[in-house]
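# Descriptive structure summary
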Amino acid sequence: MISPKKTTVKAALQRPAVGAPRWYAASVFPGKEDVAERHLRLQGFHPFIPRCERTIRHARRVETRPAAYFPGYMFIALDVALQRWRSVNGTFGVRSLIIQGERPLPVPSGLVERFITLTGKDGLLDFSGGLTAGASVRILSGPFAEMIGRLDRLDPAGRARVLIAIMNGEIPVDLDSRELVAIA
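Predicted model only: the values in this text are computed from it and were never measured.

With that settled, consider unusual backbone geometry. In the Ramachandran plot, Arg60 falls in the positive-phi region, its phi being about 60° despite a non-glycine side chain. Relative to the elements of secondary structure, Arg60 occurs in the loop between strand S3 (51-58) and strand S4 (61-68). The phi angle at Asn168 is positive, at roughly 60°, despite the residue not being glycine. Inspection of the secondary structure assignment puts Asn168 in the loop between strand S11 (159-166) and strand S12 (169-176).

Written out as structure tokens, the structure is:
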């Protein structure tokens, strides 16, 4: 029996599994991501839920708390040839695995691994990539490619506002933080 001890996300996901596991997506009931994750771990599966901070406003109160980046979905590492993957569908909190035909549909290779590398020690996704407000950045793609600007702000979802010097003024441009690289 597996004990329900809390472990870090990266340590739990780096355990070797039998065969060649792939990542699969599962649909979960609304707000039941944590319940489904706990029950899947108790069964010996290795689930992963990318999380970010969400601001929730209710009854004149505002609070920020971790929430699923993809509400209603989670990822599970499975070896469909060796593991009893159909039991995932009967797990409390899980609606079903995403199926194509009669087999689960694997997530594109590298996608979940990228989310795992972007996960910080606090268990939340960090899209900043080492960028800090006020730093000089170069834009890598798009209509402003190769231009230099100053990073004004960066939000947790990975959107960045860059101030670019154009026509004797600074023009704010909203970009994806992956399109930026910090310069010295």
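Back to the write-up after that little detour.
One can find Val28 in strand S1 (residues 22-28). Each C-alpha atom, one on Val28 and one on Asn89, is 9.6 Å from the other, the two residues being 61 residues apart in sequence. Discounting chain neighbours no more than four positions away, the residues touching Val28 are Glu33, Ala36, Gly72, Tyr73, Met74, Gly93, Val94 and Arg95.

The next subject is the sheet that holds strand S6 (residues 94-97). The 4 strands are arranged S2-S5-S1-S6 in an open sheet whose pairing can be described as antiparallel. In this open sheet, the two strands that pair with only one neighbour each are strand S2 (46-48) and S6. The average angle at which neighbouring strand axes cross in this sheet is 35°, direction not considered. Inspection of the sheet shows S1 paired to S6 by 3 bridges, in the antiparallel sense. Counterpart to Val28 in the pairing with S6 is Val94.

A cluster of nonpolar side chains, Phe70, Tyr73, Ile98 and Leu105, forms an exposed patch at the surface whose accessible area comes to about 320 Å². Locating Ile98 in the fold gives a position in the loop between S6 and strand S7 (99-100). For Ile98, a relative accessible area of 30% translates into the label partly exposed.

Moving on to the nonpolar core. Inside soluble globular proteins, nonpolar side chains tend to come together where they are buried. One finds Leu40, Met74, Ile76, Leu78, Val88, Val94 and Leu97 to be the most contacted residues of the largest nonpolar core, which totals 16 residues. Those elements giving two or more residues to this core turn out to be S1, helix H2 (33-42), strand S5 (73-78) and S6. Excluding anything up to four places from it in sequence, Leu97 contacts Tyr24, Ala25, Ala26, Ile76, Leu78, Trp85, Val88, Asn89 and Pro104. In this structure, Trp23, Ala25, Phe48 and Phe75 belong to the second largest nonpolar core, which totals 12 residues.

Our focus in this paragraph is the pairing of S3. As paired strands, S3 and S4 are joined by 8 bridges and run antiparallel to one another. Considered in S4, the bridge of His58 is made with Arg61. The hairpin turn running from S3 into S4, its antiparallel successor, is 2 residues long, and Ala59 in that turn takes a positive phi close to 50°.

Before going further, it helps to spend a moment on H2. Among the residues of H2, those classed as buried are Glu33, Val35, Ala36, Glu37 and Leu40. Where H2 ends, the next residue or the one after it, Gly44, has phi of about 95°, a positive value.

Another aspect to go through is the packing of aromatic side chains. Within this structure, the stated rule accounts for 5 aromatic pairs. Here the aromatic rings of Trp23 and Phe48 are separated by 6.5 Å at their centres, their planes lie at 65°, and the arrangement is edge-to-face. With Trp23 in strand S1 and Phe48 in strand S2, this pair connects stretches of sequence that are 25 residues apart. The exposure class of Trp23 is buried, given its relative accessible area of 11%. The buried category is assigned to Phe48, whose relative accessible area is 2%. Centre to centre, the rings of Phe70 and Phe75 are 6.2 Å apart; their planes meet at 90°, and the pair counts as edge-to-face.

Conventions adopted
Residues numbered from 1 in each chain as written. Predicted model: local features only at pLDDT ≥ 70, side-chain atom pairs only at ≥ 80, totals over all residues. Heavy atoms only, no water. Helix = DSSP H or I, 4+ residues; strand = E, 2+ residues; numbered from the N terminus. Contact = heavy atoms within 4.5 Å. Pairing = 2+ DSSP bridges. Axes fitted to C-alpha atoms, helices over the stretch in contact; angles between N-to-C directions. Patch = residues over 30% accessible without salt bridge, like charges linked within 9 Å, V, L, I, M, F, W, Y side chains within 5 Å. Areas by Shrake-Rupley, 256 points an atom, 1.4 Å probe, with all protein chains shown as cover. Salt bridge = Lys/Arg side-chain N within 4 Å of Asp/Glu carboxyl O. Buried < 20%, exposed > 50% of the residue type's maximum accessible area, 1.4 Å probe, protein only. Core = buried A, V, L, I, M, F, W, Y, C linked by side-chain atoms within 4.5 Å. Phe/Tyr/Trp six-rings, centres within 6.5 Å; stacked < 30°, edge-to-face > 60°.

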